[in-house]
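Architecture and fold: a report
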Amino acid sequence: MHILWLYTGDDGRSHFADLDAPLTVVDGSGISERFTATGVRLLEAPEGDARDFHPAPRRQFNVMLSGVVELECGDGSKRRLGPGTILLADDVSGQGHITRTIEGPRRVVQVHLGDGIDPRAWLRS
């Protein structure tokens, strides 16, 4: 399953990487390992909402339900995320990223994570 990873590099800037979360087939469906969650929040942002550079408030999965958001890193790279996209927001230090709601309302389920996940093992080749 594809996950977009937003992380802080050695340069103190945020970067993007594409991940493939491993799934195990059980009764014909793929299922991941269990992740420990420390909380869940719901976010709704109107079209036009924008935040200048900021780090993620905590390590979390952001699951896009509706709307389109554009994320921009310090190196100028940008990604647009729409419904169904899963983002692992992991840039909890450094410069952070810019967030712009391009189409709204943007509705997101935020799943706060513990430290047990090492996404480097999921990097796409």
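Up top is the structure these notes are about.
Keep in mind it's a predicted model, so treat the numbers as computed, not measured.

Looking now at the overall build of the protein. Across its full length, the protein holds zero helices and 10 strands. What you see in the protein, going N to C, is helices and strands ordered as β-β-β-β-β-β-β-β-β-β. Computed over its C-alpha atoms, the radius of gyration of the protein comes to 14 Å, within 12% of the 14 Å expected for a compact globule of 125 residues. Based on the C-alpha atoms only, the size of the protein along its principal axes is roughly 45 × 35 × 30 Å. Burial analysis of the protein (125 residues in total) assigns 40% to the buried set. Sequence separation of 24 or more characterises 74% of the internal contacts of the protein that already satisfy a separation of 6 or more. Of the roughly 7100 Å² that the protein leaves accessible, carbon and sulfur atoms contribute 48%. Placing the 14 positive and 18 negative side-chain charges of the protein at their respective mean positions leaves the two points 3 Å apart.

Moving on, we come to the side chain of S66. When you line up the elements, S66 lands in strand 7 (residues 60-72). For S66, a relative accessible area of 18% gives the class buried. Beyond its immediate chain neighbours, meaning those up to four positions away, S66 contacts P83, P105, R106 and R107.

Turning our attention to unusual backbone geometry. The omega torsion across G104 and P105 is 5°, close enough to zero to call that bond cis. If you trace the backbone, P105 turns up in strand 10 (residues 97-113). Of note, D27 is a non-glycine position whose phi angle comes to about 55°, a positive value.

The next point concerns the pattern of salt bridges. Summed over the entire model, instances satisfying the criterion amount to nine salt bridges. The partner of E70 in a salt bridge is R80, with the nearest N and O atoms 3.4 Å apart. Taken together, the residues span a long stretch of sequence, with E70 in strand 7 and R80 in strand 8 (residues 78-81) at a distance of 10 residues. Taking relative accessible area as the criterion, E70 reaches 10% and is therefore assigned buried.

We now examine the pairing of strand 10. Taken together, the eight bridges between strand 5 (residues 37-45) and strand 10 define a ladder with antiparallel strand orientation. Paired with E44 across the two strands is R107, which belongs to strand 10. Bridge analysis of strand 6 (residues 50-54) against strand 10 gives three bridges, and the strand direction is antiparallel. Paired with R51 across the strands is T99, a residue of strand 10. The pairing of strand 7 with strand 10 spans 11 bridges and is antiparallel. Paired with F61 across the two strands is V111, which belongs to strand 10.

Reading the values: the criteria
Residues numbered from 1 in each chain as written. Predicted model: local features only at pLDDT ≥ 70, side-chain atom pairs only at ≥ 80, totals over all residues. Heavy atoms only, no water. Helix = DSSP H or I, 4+ residues; strand = E, 2+ residues; numbered from the N terminus. Rg over C-alpha atoms; globule rule 2.2 N^0.38 Å. Buried < 20%, exposed > 50% of the residue type's maximum accessible area, 1.4 Å probe, protein only. Contact = heavy atoms within 4.5 Å. Areas by Shrake-Rupley, 256 points an atom, 1.4 Å probe, with all protein chains shown as cover. Lys, Arg positive; Asp, Glu negative; His and termini not counted. Charge placed at Lys NZ, Arg CZ, Asp CG, Glu CD. Salt bridge = Lys/Arg side-chain N within 4 Å of Asp/Glu carboxyl O. Pairing = 2+ DSSP bridges.

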